[in-house]
Amino acid sequence: YCYDPNLSSPTSSSTSPPTSTPINLISSSPTYQPSKSPTKAPSSDLPLVIMGDNGGDNFPLGRCEGDCDSHDQCQSGLLCYQRGGTEPVPGCDGTGISGKDYCAEKKK
């Protein structure tokens with residue numbers, strides 16, 4: 001039934017009679033289930049790349065670039081992150097080449 005303020009009684013605008021049971025307006029269709037493992041968040045980390053090795057025109061190296069042997073081979077504000085294997089490099093993505101050293105920001 002609908003209420004019209006100009007009439008003294010409700011008017012019927014429905015073809016079915018009113019019921020005392022509430023109408024469920026929430027969809028009962030299935031929803032997507034969450035994944036079993038978390039999705040990796042987008043990363044702003046750069047991939048590890050070899051840009052120079054034992055000198056060359058590519059020095060000083062940028063963030064996540066290798067192979068550096070000392071801090072002065074990295075751009076200002078970066079440190080040469082010395083590795084013995086494939087340890088993670090702070091702020092960089094991937095494992096790079098085992099034993100190669102990469103320029104990176106200081107650990108936070």
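First things first, this report covers the structure right here in the doc. (Residues numbered from 1 in each chain as written. Predicted model: local features only at pLDDT ≥ 70, side-chain atom pairs only at ≥ 80, totals over all residues. Heavy atoms only, no water.)

1. As for the overall build of the protein
Along the backbone of the protein there are 0 helices and 6 strands. Scanning the protein from its N terminus toward the C terminus, one meets helices and strands in the order β-β-β-β-β-β. The buried share of the protein, taken over its 108 residues, is 20%. Across the protein, contacts joining residues at least 24 apart in sequence account for 36% of those joining residues at least 6 apart. For the protein, the accessible surface area stands at approximately 8500 Å², while carbon and sulfur atoms represent 54% of it. (Helix = DSSP H or I, 4+ residues; strand = E, 2+ residues; numbered from the N terminus. Buried < 20%, exposed > 50% of the residue type's maximum accessible area, 1.4 Å probe, protein only. Contact = heavy atoms within 4.5 Å. Areas by Shrake-Rupley, 256 points an atom, 1.4 Å probe, with all protein chains shown as cover.)

2. Here's the deal with the environment of Lys106
With respect to the helices and strands, Lys106 occurs in the segment after strand 6 (102-104). For the pair Lys106 and Pro90, spaced 16 residues apart in sequence, the C-alpha to C-alpha distance is 7.5 Å.

3. Looking at the state of the cysteines
Scanning the entire structure with this criterion turns up 3 disulfides. The disulfide partner of Cys68 is Cys80, and the S-S distance across this bridge is 2.1 Å. Its S-S torsion of about 95° marks the bond between Cys68 and Cys80 as right-handed, since a negative value means left-handed. One end of the pair, Cys68, is in the loop between strand 3 (65-66) and strand 4 (79-81); the other, Cys80, is in strand 4, and 12 residues separate them in sequence. Assigned by exposure class, Cys68 and Cys80 land together as buried. Once the disulfide-bonded cysteines of the protein are ranked by sequence position, their pairing pattern turns out to be 1-5, 2-4, 3-6. (Disulfide = S-S within 2.5 Å.)

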